[in-house]
Amino acid sequence: MATVQLQSLTLSRSSSLSAPTTTASSISGRRSSLKLPRHAGLRLAASTRFSGSPSRAVSRIAASRAGGRVVCEAQDTAAVQVDPITDSNWQSLVLESDAPVLVEFWAPWCGPCRMIHPIIDELAKEYAGKLKCYKLNTDESPSTATRYGIRSIPTVIIFKNGEKKDAVIGAVPKTTLMTSIEKFL
């Protein structure tokens with residue numbers, strides 16, 4: 001039979017926006033308070049294995065916060081940024097391009113679109129120099145989306161020599177998109 005001890009951690013901030021105060025309280029009602037430094041883009045990683053009494057768990061949190069390690073949560077800065085495209089620059093960037101072009105049609109409210117964004121970013125990085133990748137927001141550029149019959153998003157279309165060559169609809173695996181890309185390189 002397993003024993004479960006519940007622990008809560010409350011962060012409160014004063015009205016003057018100074019460093020947050022952390023209060024850890026357990027079921028037994030014991031409270032421990034400590035000051036955490038302000039940080040941006042970093043977080044303190046704590047070891048929060050709860051065994052023994054709740055008060056020992058609280059002291060373990062306090063000890064790990066005081067001497068815990070700092071973890072950077074920054075994104076990979078070497079990633080290739082996929083540029084947005086609009087109705088106004090569609091002609092020059094897609095139709096008049098010498099290289100094949102991959103365009104992702106998406107919208108900010110679309111969950112599957114957010115799922116496929118990292119895949120498009122990876123493909124842009126892998127095929128840099130061979131394939132140009134762009135993202136077109138269908139809410140901001142509806143005429144281009146209508147011209148190509150976009151009814152579902154995300155839709156990825158590959159263009160070569162200004163002509164639509166292939167379309168993939170939905171949040172698909174990276175391998176599906178790579179297979180489609182390889183046909184036109």
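Along each chain, residue indices are assigned from 1 in the same order as the chain's sequence is written. Reporting in this predicted model follows two pLDDT cut-offs: at least 70 for local features of residues, and 80 or more for side-chain atom pairs to be given and counted; totals over whole chains, interfaces and linings ignore these cut-offs and use all residues. As a convention, hydrogens and water are excluded, and side-chain values are obtained from all of the structure's heavy atoms.

Overall, mixed pairing links the 5 strands, which are arranged 6-8-7-9-10 in an open sheet. Only two strands of the sheet have a single neighbouring strand rather than two, namely strand 6 (83-85) and strand 10 (163-169). Neighbour to neighbour, the strand axes of the sheet diverge by 30 degrees on average, direction disregarded. For two strands to count as paired, DSSP must find a minimum of two bridges between them. A run of DSSP states H or I qualifies as a helix once it reaches four residues; a run of E qualifies as a strand once it reaches two. Both are numbered from the N-terminal end. Bridging between strand 6 and strand 8 (residues 132-137) involves 3 bridges; their strand directions are parallel. Axis angles are defined between N-to-C directions and span 0 to 180 degrees, where every axis is a line fitted to C-alpha atoms and, for a helix, only to the segment in contact.

Next up on the list: the environment of T138. Tracing the backbone through its elements, the reader meets T138 in the loop between strand 8 and helix 4 (142-147). For the pair T138 and D87, spaced 51 residues apart in the sequence, the C-alpha separation amounts to 9.7 Å. With residues near it in sequence (within four places) discarded, T138 still touches F105, W106, A107, A145 and I153. Contacts: residue pairs with any heavy atoms within 4.5 Å of one another.

Quick look at the packing of aromatic side chains now. By convention, a stacked pair of Phe, Tyr or Trp rings (six-membered ring in the case of Trp) has centres within 6.5 Å and planes under 30 degrees apart, an edge-to-face pair has planes over 60 apart, and any other such pair is tilted. Counted according to the given criterion, the structure contains 4 aromatic pairs. Here the aromatic rings of Y148 and F159 are separated by 5.3 Å at their centres, their planes lie at 85 degrees, and the arrangement is edge-to-face. Note that Y148 is positioned in the loop between helix 4 and strand 9 (155-160) and F159 in strand 9, a separation of 11 residues in sequence. Across this residue pair, the class does not change: Y148 and F159 are buried. Each member of the aromatic cluster is reached from another via a ring pair, and the members are W90, F105, Y148 and F159. Remark: exposure states derive from per-residue accessible area (1.4 Å probe, protein chains only) relative to the maximum for the residue type, with buried under 20%, exposed over 50%, and partly exposed in between.

Take helix 5 (residues 174-182) next. Since the α-helix advances by 3.6 residues per turn, residues separated by three or four positions end up pointing in the same direction. Turning to helix 5, its buried residues are L177, S180 and I181. The buried side chains of helix 5 occupy one side of the element, clustering within an arc of 100 degrees when seen end-on. Facing away from the buried side of helix 5 by more than 90 degrees, the exposed set consists of T175 and T179. Where helix 5 is buried, its residues contact strand 7 (101-106), helix 3 (111-126), strand 9 and strand 10. The arc refers to the directions leading from the helix axis to the C-beta atoms.

Here the focus is the confidence of the model for the chain. How sure the predictor is of each residue is captured by pLDDT, a score from 0 to 100. Per-residue pLDDT for the chain has a mean of 75; in total, 57% of the residues score no lower than 70. Ignoring residues within four places in sequence, the model shows residues 47-51, a span with pLDDT below 50, making 9 contacts including any to other chains. Per-residue pLDDT stays below 50 along residues 53-64; that stretch engages in 24 contacts with residues further than four places along the chain or on separate chains.

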